[in-house]
Amino acid sequence: PPPTISSARAQSVCGLMTVEDGDVTTTQQTNAKQFIKKLMDTRVRVTVTDGRLIIGDLWCLDNFKNFILLDVKEATVAEDGSHRHRPLGPLVMVPGKHVTKVEALKPCIEQSAEELGIER
């Protein structure tokens, strides 16, 4: 069977679905996959389970939901609200099991949804 995108992951990536866990139709999976393809080479911010923010250009998403990012920085927010950035390297893999949220700029999301004819 083809790889699937979980409802929680698809919802956090593109905000297109509001479905219960595990209750994703084939059409929704196809829409989510097409949407992710439209976001390739877009700057994204990935939040991981330990609270860090990984920022880079979305280059690849594999069958295990691992995100491959280009030109990557890590951002942390201190208790006083200040941000610290440090470079992580030109190519970084973020394990899918640690991804809690993926964000892109609103214009990129709206353009991708419009190109696919998906109502938000």
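Worth saying up front: this structure is predicted, and the values here are computed from it rather than measured. (Residues numbered from 1 in each chain as written. Predicted model: local features only at pLDDT ≥ 70, side-chain atom pairs only at ≥ 80, totals over all residues. Heavy atoms only, no water.)

1. Topic: the side chain of Asn-66
Its location among the elements puts Asn-66 in the loop between strand S2 (53–61) and strand S3 (67–77). Apart from residues no more than four positions distant in its own chain, Asn-66 is found in contact with Cys-60, Leu-61, Met-93, Val-94, Pro-95 and Gly-96. (Helix = DSSP H or I, 4+ residues; strand = E, 2+ residues; numbered from the N terminus. Contact = heavy atoms within 4.5 Å.)

2. Some remarks on the pairing of S2
Bridge count for strand S1 (residues 43–48) against S2 is five bridges, and the pairing is antiparallel. Bridging across to S2, Arg-43 finds its partner in Asp-57. In textbook terms, the turn of a hairpin is the stretch between consecutive antiparallel strands, and for S1 and S2 this stretch comprises four residues, one of which, Gly-51, has a positive phi near 95°. One ladder, built from seven bridges, connects S2 with S3; its direction is antiparallel. Along S3, the bridge assignment pairs Asp-57 with Leu-70. Connecting the antiparallel pair S2 and S3 is a turn made up of five residues, with Lys-65 showing a positive phi of about 65°. (Pairing = 2+ DSSP bridges.)

3. Details of the sheet that holds S1
Strand order in the open sheet made by the five strands is S4-S3-S2-S1-S5, with antiparallel pairing throughout. Of all strands in the sheet, those with a lone pairing partner are strand S4 (83–94) and strand S5 (99–104), marking the two edges. Averaged over all pairs of adjacent strands, the angle between strand axes in this sheet comes to 30°, irrespective of strand direction. (Axes fitted to C-alpha atoms, helices over the stretch in contact; angles between N-to-C directions.)

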